[in-house]
Amino acid sequence: MEKIFLDRSRCIGSGMCTSIAPGTFELDADQELIVLHEVPPPGEEEAVRDAVVCCPVEALRLDDEGTRP
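No experiment lies behind these values; they were computed from the predicted model shown.

1. Remarks on the nonpolar core
The nonpolar side chains of a soluble globular protein tend to be buried with one another.
Then comes step 1: With 10 residues, the main nonpolar core is built from I4, C17, A21, F25, L33, V48, A51, V52, L60 and L62.
Then comes step 2: Of all the secondary-structure elements, those providing two or more residues to this core are α2 (45-54) and β4 (60-64).
Then comes step 3: Sort the elements by how many residues they give to this core and α2 lands first, with three residues.
Then comes step 4: Beyond its immediate stretch of four places on either side in the chain, L60 contacts I4, F5, L6, C17, F25, L33, A51, V52 and C55.

2. A word on unusual backbone geometry
Then comes step 1: Positive phi is not limited to glycine here, since Q31 has a value of about 65°.
Then comes step 2: Tracing the chain through its elements places Q31 in the loop between β2 (25-27) and β3 (33-35).
Then comes step 3: Given the relative accessible area of 44%, Q31 is considered partly exposed.
Then comes step 4: One non-glycine residue, E58, adopts positive backbone phi at about 55°.
Then comes step 5: Within the element layout of this structure, E58 appears in the loop between α2 and β4.
Then comes step 6: Overall, the relative accessible area of 58% leaves E58 in the exposed class.

3. Quick look at the state of the cysteines
Then comes step 1: One pass over the full model with this rule turns up zero disulfides.
Then comes step 2: C55 takes part in no disulfide bond, and the closest cysteine sulfur to it belongs to C11, at a distance of 6.5 Å.

So, how was this worked out
Residue numbers restart at each chain and count upward from 1, following the sequence in its written direction. Restriction of local features to residues with pLDDT of at least 70 applies here, the model being predicted, together with a cutoff of 80 or more for giving and counting side-chain atom pairs; totals for whole chains, interfaces and linings are based on all residues. Remark: hydrogens and water are excluded; side-chain values derive from all non-hydrogen atoms of the structure. Definition used in this section: a nonpolar core is a set of buried Ala, Val, Leu, Ile, Met, Phe, Trp, Tyr and Cys residues joined via side-chain atoms within 4.5 Å. A 1.4 Å probe rolled over the protein chains alone gives each residue an accessible area, and that area as a share of the maximum for its type sets the label: buried under 20%, exposed over 50%, partly exposed in between. A run of DSSP states H or I qualifies as a helix once it reaches four residues; a run of E qualifies as a strand once it reaches two. Both are numbered from the N-terminal end. Residue contacts are defined here by distance: any two heavy atoms, one from each residue, within 4.5 Å place the two residues in contact. For this text, the term disulfide refers to a pair of cysteine sulfurs within 2.5 Å.

Structure follows, in structure tokens:
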């Protein structure tokens, strides 16, 4: 099962991921990204993959459990 990993040092809060996969990502009042689910919810896997690919600064990645970026 893939997990979502966020590199906060790279994230610029562009919001692309929140518009692609709003059930998994949101921005707080300070434009900081919040990952709502460590593992993509059923039915949202494809949207999460698209969000990872579309991140303009490559702050997101998917990886198998047990491995870290």
